[in-house]
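Structural overview
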Amino acid sequence: ARVDSGAPTIFDKIISKEIPSTVVYEDDKVLAFRDINPQAPVHVLIIPKQRDGLTELGKADHRHEEVLGRLLYAAKVVAEKEGISEGFRVVINNGASACQSVYHLHLHVLGGRLMKWPPG
Ligand code: 5GP
(Lines give C-alpha, C1' and ligand atoms only; values in the text may rest on other atoms or scores of the structure.)
Protein backbone atom coordinates (compact mmCIF):
# COMPACT_ATOMS: atom_id res chain seq x y z
CA ALA A 1 0.00 0.00 0.00
CA ARG A 2 1.24 3.50 -0.76
CA VAL A 3 -0.68 5.13 2.06
CA ASP A 4 -1.80 4.07 5.50
CA SER A 5 -5.31 2.61 5.28
CA GLY A 6 -5.14 1.05 8.74
CA ALA A 7 -5.92 -2.33 7.16
CA PRO A 8 -4.07 -5.50 8.16
CA THR A 9 -0.83 -6.01 6.25
CA ILE A 10 1.24 -8.91 5.02
CA PHE A 11 3.15 -8.75 8.32
CA ASP A 12 0.09 -10.10 10.18
CA LYS A 13 0.32 -13.19 7.99
CA ILE A 14 4.03 -13.44 8.77
CA ILE A 15 3.25 -13.24 12.52
CA SER A 16 0.59 -15.96 12.19
CA LYS A 17 3.00 -18.04 10.00
CA GLU A 18 0.40 -18.04 7.22
CA ILE A 19 3.25 -16.67 5.11
CA PRO A 20 6.64 -18.24 5.79
CA SER A 21 9.60 -16.14 6.84
CA THR A 22 13.07 -16.74 8.19
CA VAL A 23 12.84 -15.79 11.85
CA VAL A 24 16.03 -14.45 13.39
CA TYR A 25 14.71 -13.46 16.83
CA GLU A 26 11.38 -13.61 18.62
CA ASP A 27 10.03 -12.81 22.07
CA ASP A 28 6.60 -12.10 23.55
CA LYS A 29 6.37 -8.64 21.98
CA VAL A 30 8.46 -8.57 18.79
CA LEU A 31 9.36 -10.68 15.78
CA ALA A 32 12.51 -10.32 13.67
CA PHE A 33 12.78 -11.95 10.24
CA ARG A 34 14.85 -11.60 7.07
CA ASP A 35 13.70 -9.07 4.48
CA ILE A 36 12.53 -10.78 1.28
CA ASN A 37 14.38 -8.19 -0.82
CA PRO A 38 17.61 -7.58 1.10
CA GLN A 39 19.45 -4.30 0.58
CA ALA A 40 22.58 -5.52 2.39
CA PRO A 41 24.16 -8.90 3.26
CA VAL A 42 22.24 -8.67 6.56
CA HIS A 43 18.77 -7.13 6.28
CA VAL A 44 16.35 -8.00 9.08
CA LEU A 45 12.95 -6.49 9.83
CA ILE A 46 11.74 -6.17 13.44
CA ILE A 47 8.03 -5.68 14.07
CA PRO A 48 5.68 -5.51 17.04
CA LYS A 49 3.52 -8.66 17.22
CA GLN A 50 0.56 -6.48 18.17
CA ARG A 51 0.39 -3.58 15.75
CA ASP A 52 -2.08 -1.79 18.05
CA GLY A 53 -2.39 1.29 15.83
CA LEU A 54 1.36 1.47 15.21
CA THR A 55 1.07 1.65 11.45
CA GLU A 56 4.00 4.04 11.45
CA LEU A 57 6.23 5.63 14.08
CA GLY A 58 4.46 8.95 13.59
CA LYS A 59 1.26 7.39 14.94
CA ALA A 60 2.88 6.30 18.20
CA ASP A 61 1.22 7.11 21.52
CA HIS A 62 2.49 6.94 25.12
CA ARG A 63 1.06 3.44 25.38
CA HIS A 64 3.58 2.32 22.78
CA GLU A 65 6.65 3.41 24.74
CA GLU A 66 7.42 -0.05 26.10
CA VAL A 67 7.20 -1.84 22.76
CA LEU A 68 9.21 0.92 21.07
CA GLY A 69 11.99 0.33 23.58
CA ARG A 70 11.76 -3.42 23.02
CA LEU A 71 12.03 -2.98 19.24
CA LEU A 72 15.21 -0.93 19.55
CA TYR A 73 16.75 -3.34 22.04
CA ALA A 74 15.86 -6.23 19.73
CA ALA A 75 17.83 -4.43 16.99
CA LYS A 76 20.93 -4.69 19.19
CA VAL A 77 20.25 -8.37 19.91
CA VAL A 78 19.77 -9.09 16.20
CA ALA A 79 22.97 -7.23 15.29
CA GLU A 80 24.90 -9.36 17.79
CA LYS A 81 23.32 -12.60 16.56
CA GLU A 82 24.09 -11.68 12.96
CA GLY A 83 27.70 -10.76 13.73
CA ILE A 84 27.41 -7.13 12.64
CA SER A 85 27.66 -5.44 16.08
CA GLU A 86 30.71 -3.51 14.97
CA GLY A 87 28.78 -1.61 12.27
CA PHE A 88 25.12 -1.64 11.42
CA ARG A 89 22.25 0.70 10.62
CA VAL A 90 18.71 0.84 11.99
CA VAL A 91 16.13 2.52 9.74
CA ILE A 92 12.45 3.36 10.00
CA ASN A 93 10.80 4.56 6.80
CA ASN A 94 7.90 6.69 7.97
CA GLY A 95 5.22 7.51 5.43
CA ALA A 96 4.95 7.34 1.67
CA SER A 97 7.47 10.13 1.04
CA ALA A 98 10.04 8.12 3.03
CA CYS A 99 9.25 4.98 0.99
CA GLN A 100 7.25 3.16 3.67
CA SER A 101 5.38 0.41 1.86
CA VAL A 102 4.03 -1.76 4.69
CA TYR A 103 1.88 0.01 7.29
CA HIS A 104 2.85 -2.07 10.30
CA LEU A 105 5.73 -0.37 12.10
CA HIS A 106 9.06 -2.04 11.37
CA LEU A 107 12.73 -1.42 11.99
CA HIS A 108 15.19 -2.33 9.27
CA VAL A 109 18.51 -3.65 10.62
CA LEU A 110 21.14 -3.47 7.88
CA GLY A 111 24.78 -4.45 7.83
CA GLY A 112 27.50 -6.68 6.47
CA ARG A 113 28.70 -4.04 4.02
CA LEU A 114 29.89 -0.45 4.18
CA MET A 115 26.80 1.62 5.04
CA LYS A 116 27.31 4.99 3.38
CA TRP A 117 25.97 8.27 4.73
CA PRO A 118 23.91 10.18 3.80
CA PRO A 119 21.44 7.73 2.27
CA GLY A 120 19.47 8.76 -0.84
P1 5GP B 1 9.26 -0.33 3.98
O2 5GP B 1 9.52 0.08 2.56
O3 5GP B 1 7.78 -0.32 4.30
O4 5GP B 1 10.07 0.40 4.99
O5 5GP B 1 9.78 -1.82 4.09
C6 5GP B 1 8.98 -2.94 3.86
C7 5GP B 1 9.93 -4.09 3.69
O8 5GP B 1 9.19 -5.29 3.77
C9 5GP B 1 10.63 -4.10 2.34
O10 5GP B 1 12.04 -4.02 2.53
C11 5GP B 1 10.20 -5.42 1.70
O12 5GP B 1 11.22 -6.06 0.97
C13 5GP B 1 9.75 -6.23 2.90
N14 5GP B 1 8.71 -7.20 2.61
C15 5GP B 1 7.55 -6.98 1.94
N16 5GP B 1 6.83 -8.09 1.87
C17 5GP B 1 7.53 -9.07 2.52
C18 5GP B 1 7.29 -10.45 2.77
O19 5GP B 1 6.26 -11.02 2.40
N20 5GP B 1 8.25 -11.12 3.45
C21 5GP B 1 9.39 -10.52 3.90
N22 5GP B 1 10.26 -11.26 4.57
N23 5GP B 1 9.66 -9.21 3.68
C24 5GP B 1 8.74 -8.50 2.99
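Residues numbered from 1 in each chain as written. Predicted model: local features only at pLDDT ≥ 70, side-chain atom pairs only at ≥ 80, totals over all residues.

Here we come to helix H2 (residues 65–81). For the α-helix, the turn length of 3.6 residues means that residues three or four positions removed from each other point alike. The terminal C-alpha atoms of H2 lie 25 Å apart, and with 17 residues this matches the ideal 24 Å at 1.5 Å per residue to within 8%. Here H2 has its buried residues at Val67, Leu71, Ala74, Ala75, Val78 and Ala79. Buried positions in H2, seen along its axis, are confined to an arc of 140° and lie on one side of it. Along H2, the residues that are exposed and aim more than 90 degrees away from the buried face are Glu65, Glu66, Gly69 and Glu80. Contacts made by the buried residues of H2 are with strand E1 (23–26), strand E2 (30–34), strand E3 (42–48), strand E4 (88–91) and strand E5 (107–111). Following H2 by one or two positions, Gly83 adopts a phi angle in the positive range, close to 75°. (Helix = DSSP H or I, 4+ residues; strand = E, 2+ residues; numbered from the N terminus. Expected span 1.5 Å × (residues − 1). Buried ≥ 20, exposed ≤ 12 C-beta atoms within 10 Å, placed from the backbone. Arc of directions from axis to C-beta. Contact = placed C-beta atoms within 7 Å.)

Moving on: the nonpolar core. Among the nonpolar cores identified, the biggest contains 24 residues, and Ala32, Val44, Ile46, Ala75, Val78 and Val109 are the most heavily contacted of them. Mapped by element, the contributors of at least two residues to this core are helix H1 (10–15), E2, E3, H2 and E5. Per-element tally for this core: the top contributor is H2, with six residues. Leaving out residues up to four positions away in the same chain, Val78 has contacts with Val24, Tyr25, Ala32, Val44, Ile46 and Val109. (Core = buried A, V, L, I, M, F, W, Y, C linked by C-beta atoms within 7 Å.)

To continue, consider the environment of Asp61. The topology assignment puts Asp61 in the loop between E3 and H2. Along the sequence, Asp61 and Glu18 sit 43 residues apart, while their C-alpha atoms lie 29 Å from each other.

We now examine the UniProt feature "domain: HIT" (unreviewed entry) in the chain. Under the UniProt annotation, the feature "domain: HIT" (unreviewed entry) is placed at residues 10–120. As annotated, residues 10–120 has a helix share of 21% and a strand share of 23%, and its two end C-alpha atoms lie 26 Å apart. (UniProt positions renumbered as here; feature names shortened; annotations may be inferred.)

Before going further, it helps to spend a moment on the site of the ligand. By nearness alone, 14 residues border the ligand, and Ile36, Asn37, Asn93, Ser101 and Val102 come closest of all. Here the residues of the shell around the ligand sort into seven nonpolar, five polar and two charged. (Near = placed C-beta within 6 Å. Nonpolar A, V, L, I, M, F, W, Y, C, P; charged D, E, K, R; others polar.)

A separate point is the pairing of E5. Successive residues of a regular strand alternate their side chains across the two faces of the sheet. The element E5 is extensively covered by neighbouring structure, given that four of its five residues are classed as buried. Judged from the five bridges that link them, E3 and E5 form a sheet pairing that is antiparallel. When the bridges of E5 are listed, Ile46 appears paired with Leu107. Here four bridges tie E4 to E5, and the two strands are oriented antiparallel to one another. Of the residues in E5, the one forming a bridge with Val91 is His108. (Pairing = 2+ DSSP bridges.)

The strand order across the open sheet built from five strands is E1-E2-E3-E5-E4, with neighbouring strands paired in antiparallel fashion. The sheet terminates laterally at E1 and E4, the two strands that pair on one side only. Strand-to-strand twist in this sheet, taken as the mean axis angle between neighbours without regard to direction, amounts to 20°. As judged from the five bridges shared by E2 and E3, these two strands associate in the antiparallel manner. In the sheet register, Val30 faces E3, and the bridge partner there is Pro48. The sheet contacts of H2 involve E1, E2, E3, E4 and E5, and relative to E3 the element is tilted by about 155°. (Axes fitted to C-alpha atoms, helices over the stretch in contact; angles between N-to-C directions.)

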